[in-house]
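Take a look at the letters that make up each chain.
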Amino acid sequence: MKPVISSIEIENRVVVAKYQRLMVGAKVVLVEKASGRQWSETITRVASPVPVGALRIRLPETVTPGTYFLKAFNGHGEQAAQSADFEIR
């Protein structure tokens, strides 16, 4: 089964994403849909050995309003999952 980033919630410039089947060490980054830019300052790693959970990404002030998605990479740097698009206002 493939890894999944299943839901996104945004409150007070913090993105909370629930995931399934992402392994410990997986890297998750915020991506701007229009440009494809990966915001390196938003990179977070899955620290839990349990493959189901949630992660939090605090958005820096430089992240502007627009359409974004989260992209996850496995420990080998290969894309593992991508979230649905969401809006940051």
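### Details of the sheet that holds strand 1 (residues 4-11)
Sheet strands associate in pairs through backbone hydrogen bonding, adopting either a parallel or an antiparallel arrangement.
Turning to step 1, where the next piece is worked out: Read across the open sheet, the three strands follow the order 1-2-5; overall the sheet is antiparallel. Both edges of this open sheet fall to strand 1 and strand 5 (52-58), since each of them pairs with a single strand only. Shown here is a sheet whose adjacent strand axes are inclined to one another by a mean of 20 degrees, direction ignored.

### Here we look at the side chain of Thr-44
Turning to step 1, where the next piece is worked out: When you line up the elements, Thr-44 lands in strand 4 (residues 38-45).
Turning to step 2, where the next piece is worked out: Thr-44 gets classed as buried once you look at its relative accessible area, which sits at 18%.
Turning to step 3, where the next piece is worked out: Not counting residues within four places of it along the chain, the set of residues in contact with Thr-44 comprises Ala-26, Lys-27, Val-28, Leu-55, Arg-56 and Ile-57.

### Topic: the environment of Glu-32
Turning to step 1, where the next piece is worked out: Note on placement: Glu-32 falls in strand 3 (residues 27-32).
Turning to step 2, where the next piece is worked out: Placed 23 residues apart in sequence, Glu-32 and Leu-55 show a C-alpha to C-alpha distance of 19 Å.

Procedures and definitions
- Residues numbered from 1 in each chain as written.
- Predicted model: local features only at pLDDT ≥ 70, side-chain atom pairs only at ≥ 80, totals over all residues.
- Heavy atoms only, no water.
- Pairing = 2+ DSSP bridges.
- Helix = DSSP H or I, 4+ residues; strand = E, 2+ residues; numbered from the N terminus.
- Axes fitted to C-alpha atoms, helices over the stretch in contact; angles between N-to-C directions.
- Buried < 20%, exposed > 50% of the residue type's maximum accessible area, 1.4 Å probe, protein only.
- Contact = heavy atoms within 4.5 Å.

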